[in-house]
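The lines below spell out each chain.
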Amino acid sequence: MLSVFAQPAAPDKYGAAITKEDLKKQLSIIAGAEMEGRETGTEGQRKAAAYIAGQFKAFGLTPAPGTDNYQQYYAIGYDTVLRSQLLVDNKSLIAGKDYLDDVGMNTDGSLSAKEIVFVGYGIGDDKYDDYAGKDVKGKLVVFFGGEPKQDGAYFISGTKSYSVWTYPGGLPQKAALAKQKGAVGIIVINANLDSISANQARSGKKSSTRLIADVSANEGINAITIAGGSAKLLLGDDFFTTTLAKARKNELLNATAFSKKIKIKYDYAEQKITTNCSNVAGYIEGSDKKDEYVILTGHYDHLGIHNGQIYYGADDDGSGTCAVLEMAQTFAKAKAEGNGPRRTIVFMTVSGEEKGLWGSEHYSNHPLFPLDKTSVDLNTDMIGRIDTERKTEDSLNYVYVIGHDKLSSELVGINEAANNKYTGLVLDYKYDDPKDPNRIYYRSDHYNFARKGIPILFFYDGMLQADYHKPTDTVDKIYWDIYEKRARMIFYTAWQMANRDDMLKRDIPLN
Ligand SMILES: [Zn+2]
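Parameters at a glance
Residues numbered from 1 in each chain as written. Predicted model: local features only at pLDDT ≥ 70, side-chain atom pairs only at ≥ 80, totals over all residues. Heavy atoms only, no water. Pairing = 2+ DSSP bridges. Helix = DSSP H or I, 4+ residues; strand = E, 2+ residues; numbered from the N terminus. Contact = heavy atoms within 4.5 Å. Axes fitted to C-alpha atoms, helices over the stretch in contact; angles between N-to-C directions. Parallel < 35°, antiparallel > 145°, perpendicular 65-115°, else oblique. Left-handed = near helix turned anticlockwise from the far one by under 90°. Nonpolar A, V, L, I, M, F, W, Y, C, P; charged D, E, K, R; others polar. Expected span 1.5 Å × (residues − 1). Salt bridge = Lys/Arg side-chain N within 4 Å of Asp/Glu carboxyl O. Buried < 20%, exposed > 50% of the residue type's maximum accessible area, 1.4 Å probe, protein only.

Where strand β1 (residues 62-63) lies against strand β10 (residues 258-284), two bridges are found, and the strand directions are antiparallel. Each residue of the ladder has a partner; that of T62, found in β10, is Y283. Where strand β2 (residues 71-88) and β10 come together, 17 bridges link them in antiparallel fashion. Across the sheet, the residue bridging to V81 is E270, located in β10. Pairing of strand β5 (residues 109-118) with β10, which is carried by nine bridges, proceeds in the antiparallel orientation. When the sheet's bridge partners are listed, V117 is paired in β10 with S259. Looking at chain direction, β10 and strand β14 (residues 343-350) are connected through five bridges and run antiparallel. Among the inter-strand pairings, Y283 is bridged to a residue of β14, identified as V346.

Structure, rendered in structure tokens:
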């Protein structure tokens, strides 16, 4: 329930100070060529961070505690191969031709084994177990990539999840299983590859860039991918030829216990390259509830430059970044005129979103303000465009609101009341339908707050096709009137949440 006590003056005079002219001025800078597409870990991202910090300072925001010039730094990095040697019965295989090191999973060190154990597809499951009756402790396991089919279907996972070989977020399922069973290393045979291509060799020398916090989670087992053509050495001609033919067709392998005495030596060393990037966070201290927080977020990073083309990211998420800037300026002005918020309002633009929500993940694991005192996160990621696929014809006066039915029963009432009173947008909840295939709830930075139990609302325009993640997401495509209205709506919602008597109730479980 809203209180009259200690409420600052009516917010409408401040909301009106968020104008399309100001948004355009800011967005022309953030999504301008000079920012080089703001890819995390690059000069463009650092320029954008410095600009945002400069704006926060000019508005009179206090730097968040633990930041350096408003910036909360976090490390990202990747590994490159320094040295790699694989000997099979004293025969040297050629890195980049016969085999590839899995740089993301390997750690420095050497391994030698006297015995390999072949475990089919390397899958262990209630329905199907390649490890049944095999002891692989201290041994090197060898298996084919992919998953078997039965009657033309992937009968184990149904979705080929065993074949997924991407991370962060932990080891791939097969690698984790081998590690859990005590194997010292894995050799994955790529049945469909006679030898490694030059392209694969080039990209295989470097892991993908990751949040440093993730690295230890991914590493932990020596892993090699070996081309089908070179795997004969390991398995012997006859067995190899029959199983390879089956694996190429995803047939069930007759993986009876098979182990073989063979001398394998693997020597591997890598170099870790790290670099810093940052979230930018400033705040306006509250009055009688200054130890409680409302946090307003948007990601300022985008995709950078590829093949000489700048990915400007005007809508994604220059629009959210500039909305956060405008709200910061406006709340600061209100405070300067004696109408400051009761709760402390934190303004944070994060990086690493396009890479995998890294900046918000880092923040939520290393919060600058207590998470249990953070009433709500209002996240803005793309609010300057019109959804070209939108089928509702009655109105283009809309914004998608995501998260309205999760974590707090109070979110929706406050948001709708603020919108009804001041902005009159159609709040469209279609992405909150559990059957929606886009999984938008999990796809921007608010999720890292939600997973910690903080109620969130996420505002979004639905631009998923059109210019999404293309160099053509540019400033001239923005619909300024609707952008201004949406930014104001978020401002009024934040105003109510910062000034009401109580923090938002946390009365709905996330799942
Ligand atoms: Zn985005």
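In this section: the environment of I305. Following the sequence through the fold, I305 ends up in strand β12 (residues 304-306). It is 8.8 Å that separates the C-alpha atoms of I305 and P471, two residues lying 166 residues apart in sequence. If near-sequence neighbours (up to four positions away) are discounted, I305 is found in contact with E36, E39 and I310.

To continue, consider the packing of helix α12 (residues 411-422) against helix α14 (residues 480-499). Between α12 and α14, the shortest axis-to-axis distance is 9 Å and the interhelical angle comes to 125°. Taken as axis vectors, α12 and α14 run oblique relative to one another. Crossing hand, α12 versus α14: right-handed. For the pair α12 and α14, contact is made by L411, I414, N415, A418, N419 and Y422 and by M489, Y492, T493, Q496 and M497, respectively. Tallied by class, the residues present in the contact of α12 with α14 amount to seven nonpolar, four polar and no charged.

Now for helix α3 (residues 43-59). Taking 1.5 Å of rise per residue, 17 residues should cover 24 Å, and α3 covers 24 Å from first to last C-alpha, within 8% of that figure. Just beyond α3, the residue with positive phi is G60, at close to 95°.

Counted by the stated rule, this structure contains 22 salt bridges. Across the pair K406 and D432 runs a salt bridge whose closest N-O atoms are separated by 3.8 Å. Remark: D432 occurs in the loop between β17 (426-428) and α13 (446-450) and K406 occurs in the loop between β16 (398-402) and α12; sequence separation between them is 26 residues. For the pair formed by K406 and D432, the shared burial category is buried. Taken together, the salt bridges that share partners define one network made up of D79, R210, E270 and K272.

To continue, consider the pairing of β5. Where β5 lies against strand β6 (residues 140-144), three bridges are found, and the strand directions are parallel. Note that in β6 the partner of I116 across the bridge is L140.

The subject of this paragraph is the packing of α3 against helix α9 (residues 314-336). Remark: α3 packs on α9, axes separated minimally by 9 Å, with the N-to-C direction vectors making an angle of 15°. Considered as vectors, α3 and α9 are oriented roughly parallel to each other. In this structure, α3 crosses over α9, and the sense of that crossing is right-handed. The segment α3 lies against α9, with Y51, I52, Q55, F56 and F59 engaging T321, L325, A328, Q329 and A332. For the contact of α3 with α9, a count of residues per class yields seven nonpolar, three polar and no charged.

Don't take any of this as a statement about function, it's just geometry.
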